[in-house]
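Chain residues, written in single-letter form:
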Amino acid sequence: MLEIKNIHKSFGDNIVLNGIDLKIEKGDVVVVLGPSGSGKTTLLRCINFLEKADQGQAIFGDTQVDLKKASKKQIYSIRKRTAFVFQNYNLFNNKTALENVTEGLIIGRKMTKEEANKIGKDALDKVGLFEKYDAYPGELSGGQQQRVGIARAVSLNPDIILFDEPTSALDPELVGEVLEVMKTIAKEGTTMLVVTHEMSFAKDVANRVIFMDGGVIVEEGPPNEFFQHPKEERTQRFLKRVL
Ligand code: ADP
């Protein structure tokens, strides 16, 4: 469903992505692990054009796009197929939970307010926040705000949701509720590419784990194999540190 070929990205002299290839099938839950600074977030951002790659191709179904030279129209078409969940939620503080969810539907998808509200309320219901549709972000906990962020992504009905360390800004006691929601939508067959440090999520929910270090994919495999029999020395060292 999504194929990424040979992404390269540097910031000045800092080579952050050094030739990443990635293939994601419909319904896959792919977790990207790796030490801090290994390029995980940059990879996600390049896929969604939040960052412009120096080189690379993305193939979405039957559409092939040059990640460096994509036209505005191509960027729009890929953005329509993807949704992004940010580490810091990225909600509008002056909009209610429902308005945060419906903004993209009304502005981006040109829906009427009534249509958007129906979809938005369903999405908030899915993340357990139906009752809070009228609350502002400031009135919600971090976990609830991130669940609004997930509802916003789900409401767009994208081909794939990209999660960029969705729980790392949260107090530990709030991490569980967000992971639960992610687990639920994964079980429903949502295709997900998730950068996270939550090993339990990788073990329990992912069907594939990718380990990045130094801007390349060092190792990948199904979680059982990856966690129990890591092949590469760099992976073994990383797992020793985090498990
Ligand atoms: P990870 O998600 O694995 O922690 P990142 O993709 O966030 O890694 O960052 C990889 C490297 O790229 C880091 O050295 C970081 O400082 C650098 N980097 C990321 N974004 C920028 C940016 N906008 N400008 C300059 N350097 C950046």
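Anything mentioned here points back to the structure above.
What you see is a predicted model, and the numbers here were worked out from it, not measured in a lab.

**Quick look at the packing of aromatic side chains**
Argument step 1. Taken as a whole, this structure holds four aromatic pairs when the rule is applied.
Argument step 2. With a centroid separation of 4.7 Å and 45 degrees between ring planes, the pair formed by Phe84 and Phe86 is classed as tilted. Like Phe86, Phe84 is buried.
Argument step 3. On the numbers, 4.9 Å between centres and 40 degrees between planes, the contact of Phe211 with Phe238 is tilted. In this pair, Phe211 is assigned in strand 9 (residues 208–213) and Phe238 in helix 9 (residues 233–242), connecting sequence segments 27 residues apart. Considered together, Phe211 and Phe238 belong to a single accessibility category, that of buried residues.
Argument step 4. Positioned above the aromatic ring of Phe227 is the side chain of Lys203, whose terminal nitrogen or guanidinium carbon lies 5.3 Å from the ring centre.

**With respect to the pairing of strand 1 (residues 2–11)**
Argument step 1. Of the pairings in the sheet, the one linking strand 1 to strand 2 (residues 14–24) comprises eight bridges and is antiparallel in character. Bridging from a neighbouring strand, Ile7 pairs with Ile20 of strand 2.
Argument step 2. In sequence, strand 1 turns back onto strand 2 through a hairpin of two residues, with Gly12 there showing a positive phi of about 60 degrees.
Argument step 3. As paired strands, strand 1 and strand 4 (residues 55–60) are joined by five bridges and run antiparallel to one another. Paired with His8 across the strands is Gln55, a residue of strand 4.

**Looking at the sheet that holds strand 7 (residues 160–164)**
Argument step 1. Read from one edge of the open sheet, six strands run 6-7-8-3-9-10, paired in mixed fashion. Only two strands of the sheet have a single neighbouring strand rather than two, namely strand 6 (82–85) and strand 10 (216–221). Sheet twist, expressed as the mean angle between neighbouring strand axes with direction ignored, is 20 degrees.
Argument step 2. Bridge count between strand 6 and strand 7: four bridges; the pairing is parallel.

**Focus: the sheet that holds strand 4**
Think of a sheet as strands paired side by side through backbone hydrogen bonds, with each pair either parallel or antiparallel.
Argument step 1. What the four strands build is an open sheet, ordered 2-1-4-5; its pairing is antiparallel. What marks the edges here is a single partner per strand, and that holds for strand 2 and strand 5 (63–66). Neighbour-to-neighbour, the strand axes of the sheet open up by a mean angle of 15 degrees, direction not taken into account.
Argument step 2. Two elements, strand 4 and strand 5, share four bridges in a ladder whose sense is antiparallel. Of the residues in strand 5, the one forming a bridge with Phe60 is Thr63.
Argument step 3. Packed on one face of the sheet, helix 2 (residues 72–81) meets strand 4 and strand 5 and runs near 120 degrees to strand 5.

Cut-offs used in this document
- Position labels on residues start from 1 in each chain and follow its written sequence.
- Whole-chain, interface and lining totals are the exception, using all residues; otherwise, since this is a predicted model, local features are given only for residues with pLDDT of at least 70 and side-chain atom pairs are given and counted only at 80 or more.
- With hydrogens and water set aside, each side-chain value is computed from the structure's full complement of heavy atoms.
- Stacked, tilted and edge-to-face pairs are distinguished by plane angle, under 30 degrees for stacked and over 60 for edge-to-face with tilted covering the rest, among Phe, Tyr and Trp rings (Trp via its six-membered ring) whose centres lie within 6.5 Å.
- Throughout, exposure labels follow a simple rule: accessible area from a 1.4 Å probe, protein chains only, divided by the maximum for the residue type, with under 20% read as buried, over 50% as exposed, and the rest as partly exposed.
- A run of H or I in DSSP counts as a helix once it spans at least four residues, and a run of E counts as a strand once it spans at least two, with each numbered from the N terminus.
- Consider the ring centre and the ring normal. A charge sits over the ring if Lys NZ or Arg CZ is within 6 Å of that centre and within 35 degrees of that normal.
- Two strands form a pair only when DSSP identifies at least two bridges running between them.
- Only the contacting stretch of a helix is used when fitting its axis, a line to C-alpha atoms as for every element, and angles between N-to-C directions run 0 to 180 degrees.
- It only takes one pair of heavy atoms within 4.5 Å for two residues to be counted as in contact.

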